[in-house]
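What the coordinates show
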Amino acid sequence: MPDTMTQILSSGSPGSKVNIAVLGDGFADGADQTTYNNKVNDLLFNGLFKNDYFFEDIQAFNVYRVNLISVDSGVGTKTYDNGTLLSTVTKNTALGYYYSGSWSHCWLEGGANTSTLVSNALNTWVPDHNLVLILLNNPGFGGCGGGGFAVLPLGITWDTIAHEFGHGLGGFCDEYCETDKTYMGGEPGCVDNTINTNRTTLKWGRFVNPSTPIPTGKGKCADYTEGARPVDWDDNQSVGLFEGAGTLTQGIYRPVINCRMRSNLPPYCPVCYTHMKSLNDAQTQRTFLQVYPGDFNGDGKSDALIHNSNGIMLYRSNGTQLDVQFSVVNLVPGSWQFQAGDKFWTGDFNHDGKDEVLVFNGSDWVMPYLGLLADDGSGGLKLIARYDGSMPGWQFNRNDQFFIGDFNGDGLVDVFVFNGADWSIPYLGMLQSHGTGLTLVRRYDANLPGWQMRPTDQFFVGDFNGDKKADLLVFNGSAWSIPYFGMLASTGSALSMSTRYDGNMPDWQMRPSDQHFVGDFDGDGKADLFVFNGDAWSIAYLGMLKSTGSSLTMTQRYDGNAPGWQMRSHDRHYVADLNGDGKSDLVVFNANDWGPVYLGRMISTGSGLSCDWSADWIGGWHLGTVDNFEPCNYTGIGGKRNLFVHNTNWFGMLKSASPWALDQIYYRWIHNYRYGHNF
């Protein structure tokens, strides 16, 4: 059997990622190769990339497994006694390594030609490597690394690799105290060792609470010695200055009592974690642009799904902050391959009290795909249904538009799908959820009841008659000589026209640039309508049109100003019950028409609006033109809605209040430091 290479993790092109090359030595043809493959999978995918930093940033890495065939099974061995070589057993292996089990000899060593053999294998199979992991077919423990290399026997566990990659990728120094000596050198170049005991110039000072004494621990390989240890102290995540590091016991300091660079298994401390994140941030290629709220564990709090290119991350809300729950790149269990063109909708499609994820891609493959992702039982997601190109009665196409709502009242979220661009006539389908997939129950070709469809139709979902079934509202302001607006009631398996408005709605002259927002603003269980136009007239207009169950009546119209808010053309609106009273309110944002940037609340009284606002800064969040908002309920308090706010680099959690309040702000990645932050 010849040598081979297999890419076992694909996150992107080699030039854009950290490329890990895995090589084996002492693995003969046959069963040894199976042992090697299984060990690589166990160490990396059931170990390293399932835990803390590497779990979060899996999207930064490519992994290439190189299967090198050795003549002999097992590597050579050397035996030492107090530094004296007692015996050597040489084997004919692909790379010529020896295992010794001696700490003073770095546990293992290469042979006369090992460096050349390793270099040749890497140049042949993974020339773009950044990190190299070499596994030796020996059951011993230990390992040796440096310069981007980690050489390890089979007796190690994934955390040893994480420690060695801390050296090879992060450039970290060791933080253990193996040798009882005092450090006499200058300031170390690594981020996690120092001789500096000055709080004001300490290189990790931003993570040290002002109440923490500096130094924090003094003496040989010190613990917390300077005063009483705080009751909330965390030996891994609370940062101070502790004597003993870089393998020596005194004269040099580490950031925490116990980091991965001291004893392997604990996560990286805040100093090491932040450095790793910073080093590889560009390789993850992540932003905060694509954010989808949903309660994915059924605890009543909105979590966040964030999509980037070929990966997603789920962040769980605890009511005031988000924490990483799930991270996956490329394939999710059940076989959905994420791509940049994926579009997501969240809702409870199986009535289990948790939100599932509907995902569609019409642009990255030779055919469109629709998938349904559900809870995998461990806080992540798995694919439970996939439709490749078509389903009975509906052929998917790239410009399909999806709208979700329970149109038959059985408690399962269903789907309306519309395509007005890819065929000679427009189509609209009603896809009913049965918990594990979707079934087409009705398709309309060219016409809906009382409505001739056009490619520019705009659709909105809401139960406007209060029968617990999601109905469909449709607007077209451009395809005809006058605008039209229709209210189509769902029977559970079909639609019927309740009312169509031609040119005008009650006390509202429709214009092509009208914007519509569906919400029950009077709390009577029927979806009403907000309509806004800031462009068609000399002043901006906002209307509140109440649903009677079959038609609309004007409750209130604001001309130019609403109480507490001066309307302008660039106002952006989002529907949300901001005070938890069961009535739909409006979030209003304007970053273009004034000097300050405004974020406002338009609180519904049932028959009108009362407004308040915040300008420019909300806590540490600087409102700007690039901000996007997602109504959600991350606090889990009643029906009260909050906001996720996000742009390319920043993510925030805004609590509805007068004025708005900032709970959390994150830059580039979501992580909750015990003290300090990464910006």
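Presented here is a report on the structure given in the accompanying data block. Per chain, residues are indexed from 1 in the order of the written sequence. Whole-chain, interface and lining totals are the exception, using all residues; otherwise, since this is a predicted model, local features are given only for residues with pLDDT of at least 70 and side-chain atom pairs are given and counted only at 80 or more. Based on all heavy atoms of the structure, the side-chain values leave hydrogens and waters out of the count.

Notes on the environment of Gly-145
A run of H or I in DSSP becomes a helix once it reaches four residues, and a run of E becomes a strand once it reaches two; helices and strands are each numbered from the N terminus. If you trace the backbone, Gly-145 turns up in strand β9 (residues 144-146). Taking the C-alpha atoms as reference, Gly-145 lies 38 Å from Leu-289; in sequence the two are 144 residues apart. The contact criterion used is simple: two residues touch if any of their non-hydrogen atoms lie within 4.5 Å. When residues no more than four places from it in sequence are discounted, the contact partners of Gly-145 are Cys-106, Ala-150 and Glu-164.

Examining the sheet that holds strand β4 (residues 76-81)
Across the sheet, which stays open at both edges, the 4 strands sit in the order β5-β4-β6-β7 with mixed pairing between neighbours. Two strands lie at the open edges of the sheet, namely β5 (84-89) and β7 (108-109), each paired on one side alone. Here strand β6 (residues 98-99) pairs with β7 via 2 bridges, running antiparallel. The partner of Tyr-99 across the bridge, within β7, is Leu-108. Any two strands with at least two DSSP-identified bridges between them are counted as paired.

Quick look at the layout of surface pockets
As a volume, the largest pocket reaches approximately 2,100 Å³. Along its surface, the largest pocket is lined by 46 residues, and Ile-404, Val-461, Val-518, Val-575 and Arg-641 are the ones closest to its centre. Where the lining of the largest pocket is concerned, the elements lending two or more residues are β14 (291-294), β20 (343-347), β26 (401-405), β32 (458-462), β38 (515-519), β44 (572-576) and β50 (628-632). Side-chain classes follow a simple rule in which Ala, Val, Leu, Ile, Met, Phe, Trp, Tyr, Cys and Pro form the nonpolar group, Asp, Glu, Lys and Arg form the charged group, and the remainder, Gly included, forms the polar group. In the lining of the largest pocket, the residues fall into 22 nonpolar, 13 polar and 11 charged. Using protein atoms alone on a 1 Å grid, points that fit a 1.4 Å probe yet trap it form a cavity, whereas open point sets bounded by protein on both sides within 12 Å along at least five of seven lines form a pocket; residues with an atom within 4 Å of a point count as lining. Grid points are joined across faces, edges and corners, and a volume is the space filled by probe spheres set on the points.

Focus: the state of the cysteines
In a disulfide, the sulfur atoms of two cysteines are covalently bonded to one another. What counts as a disulfide here is a pair of cysteine sulfur atoms lying within 2.5 Å. Scanning all chains against the criterion turns up 3 disulfides. Disulfide partner of Cys-106: Cys-144, at an S-S distance of 1.6 Å. Residues Cys-106 and Cys-144 are joined by a disulfide whose S-S torsion is about 95°; by sign, that bridge is right-handed. On the criterion of sequence distance, the pair formed by Cys-106 in the loop between β6 and β7 and Cys-144 in strand β9 is long-range, its members being 38 residues apart. Burial classes: relative accessible area under 20% of the type maximum marks a residue as buried, over 50% as exposed, and values in between as partly exposed (1.4 Å probe, protein chains only). For Cys-106, a relative accessible area of 25% puts it in the partly exposed group. A relative accessible area of 18% places Cys-144 in the buried class.

Overview of the pairing of strand β13 (residues 248-254)
Where burial is concerned, most of β13 is hidden: 5 out of the 7 residues are buried. Sheet topology places strand β11 (residues 179-182) next to β13; 2 bridges connect them, and they run parallel. Across the sheet, Thr-179 pairs through a bridge with Leu-248, a residue of β13. A loop of 2 residues connects strand β12 (residues 242-245) with β13, the two strands running antiparallel in sequence, and Gly-246 in this loop sits at a positive phi of about 60°.

Overview of the sheet that holds strand β52 (residues 650-655)
In spatial order, the strands read β50-β51-β52-β53; together these 4 strands make up an open sheet with antiparallel pairing. Either end of the sheet is taken by a strand with one partner, and the two such strands are β50 and β53 (661-667). Between one strand axis and the next, the sheet turns by 20° as a mean value, whatever way the strands run. Where β52 meets β53, 6 bridges bridge the pair, whose relative direction is antiparallel. The residue of β53 that forms the bridge with Trp-650 is Tyr-667. All axes here are fitted lines through C-alpha atoms, helices being fitted over the stretch that makes contact, and every angle between N-to-C directions spans 0 to 180 degrees.

A closer look at the side chain of Lys-78
Structurally, the position occupied by Lys-78 is in strand β4. Two N or O atoms count as a polar contact when they lie within 3.5 Å, although within protein this holds only if one can serve as hydrogen donor and the other as acceptor, and sequence-adjacent residues are included solely when both atoms are side-chain atoms. A distance of 3.0 Å separates the side chain of Lys-78 from the side chain of Glu-109, its partner in a polar contact. When near neighbours in sequence (up to four residues on either side) are disregarded, Lys-78 contacts Leu-85, Ser-87, Thr-88, Tyr-98, Tyr-99, Ser-100 and Glu-109.

Let's talk about empty space enclosed by the protein
The tally for this structure, following the rule as stated, stands at 1 cavity of 30 Å³ or more. In this structure, the largest cavity encloses a volume near 130 Å³. In terms of lining, the largest cavity is formed by 17 residues, of which the most central are Arg-286, Met-313, Tyr-315, Arg-668 and Trp-669. Elements represented by at least two residues in the lining of the largest cavity include exactly α6 (270-284), β15 (303-308) and β16 (311-317). Top element by residues in the lining of the largest cavity is β16. It accounts for 4 residues. Taken together, the residues of the lining of the largest cavity sort by class into 6 nonpolar, 6 polar and 5 charged.

Regarding the packing of aromatic side chains
Given two aromatic rings, their pairing is described by the distance between the two centres and the angle made by the two planes. Two aromatic rings from Phe, Tyr or Trp, using only the six-membered ring of Trp, form a pair when their centres are within 6.5 Å; if the ring planes differ by under 30 degrees the pair is stacked, by over 60 it is edge-to-face, and anything between is tilted. Enumeration over the complete set of coordinates arrives at 43 aromatic pairs. Centroid distance Tyr-273 to Tyr-673: 6.4 Å. Interplanar angle 70°. Geometry classified as edge-to-face. Linking Tyr-273 in helix α6 with Tyr-673 in the segment after β53, this pair joins segments that are 400 residues apart in sequence. We classify Tyr-273 as buried; its relative accessible area is 4%. By relative accessible area, Tyr-673 is classed as buried at 13%. These aromatic residues form a ring-pair network of at least three members: Phe-45, Phe-49, Tyr-53, Phe-54, Phe-61, Phe-165, Phe-172, Phe-207, Tyr-268, Tyr-273 and Tyr-673. Over the face of the ring belonging to Tyr-98 we find Lys-78, whose NZ or CZ atom lies 4.8 Å from the ring centre. Here, a charge over a ring means that NZ of Lys or CZ of Arg falls within 6 Å of the ring centre while also lying within 35 degrees of the ring normal.

As for the nonpolar core
Among the buried residues, those of types Ala, Val, Leu, Ile, Met, Phe, Trp, Tyr and Cys that are joined through side-chain atoms within 4.5 Å form a nonpolar core. By size, the foremost hydrophobic cluster in this structure holds 51 residues, and its most contacted members are Leu-44, Phe-49, Phe-54, Phe-61 and Tyr-268. For this core, the secondary structure elements donating two or more residues are β2 (18-25), α1 (31-44), α2 (52-56), β3 (61-67), β8 (131-136), β10 (149-153), α4 (158-168) and α6. Per the annotation, domain bounds derive from an automatic or database assignment of domains. Looking at which domains feed residues into this core, each of domain 1 (4-170) and domain 2 (177-283) gives three or more. The next biggest cluster of nonpolar side chains, apart from the first, holds 20 residues, and it includes Ala-21, Val-75, Val-118 and Cys-144.

Some words on the pattern of salt bridges
By salt bridge we mean one thing: a side-chain nitrogen of Lys or Arg within 4 Å of a carboxyl oxygen of Asp or Glu. Counted under the stated rule, the structure contains 26 salt bridges. We note a salt bridge from Asp-507 to Arg-557, for which the minimum N-O separation is 3.6 Å. Here Asp-507, found in the loop between β36 (504-505) and β37 (508-509), pairs with Arg-557, found in strand β41 (residues 552-559); they are 50 residues apart in sequence, far enough to count as distant. Its relative accessible area of 32% is what places Arg-557 among the partly exposed residues. Among the ionic pairs, Asp-559 bridges to Arg-557, the shortest N-O distance being 2.9 Å. Salt bridges here are not isolated pairs; linked through shared partners, they connect Glu-56, Asp-57, Lys-277 and Arg-286.

A look at the environment of Thr-555
With respect to the helices and strands, the residue Thr-555 is situated in strand β41. Those residues within four positions of Thr-555 in sequence are excluded, and the remaining contacts are Phe-521, Met-544, Leu-545, Lys-546, Gly-606 and Ser-607.

With respect to unusual backbone geometry
Each neighbour pair has its own omega, and for Ile-214 with Pro-215 the value is -10°, a cis peptide bond. In this structure, Pro-659 follows Ser-658 across a cis peptide bond, with omega equal to 0°. On the secondary structure map, Pro-659 appears in the loop between β52 and β53. Positive phi, normally seen in glycine, also occurs at Cys-106, with a value near 60°. Even without being a glycine, Asn-264 presents a positive backbone phi close to 70°. For Asn-264, the position within the fold is in the loop between α5 (260-263) and α6.

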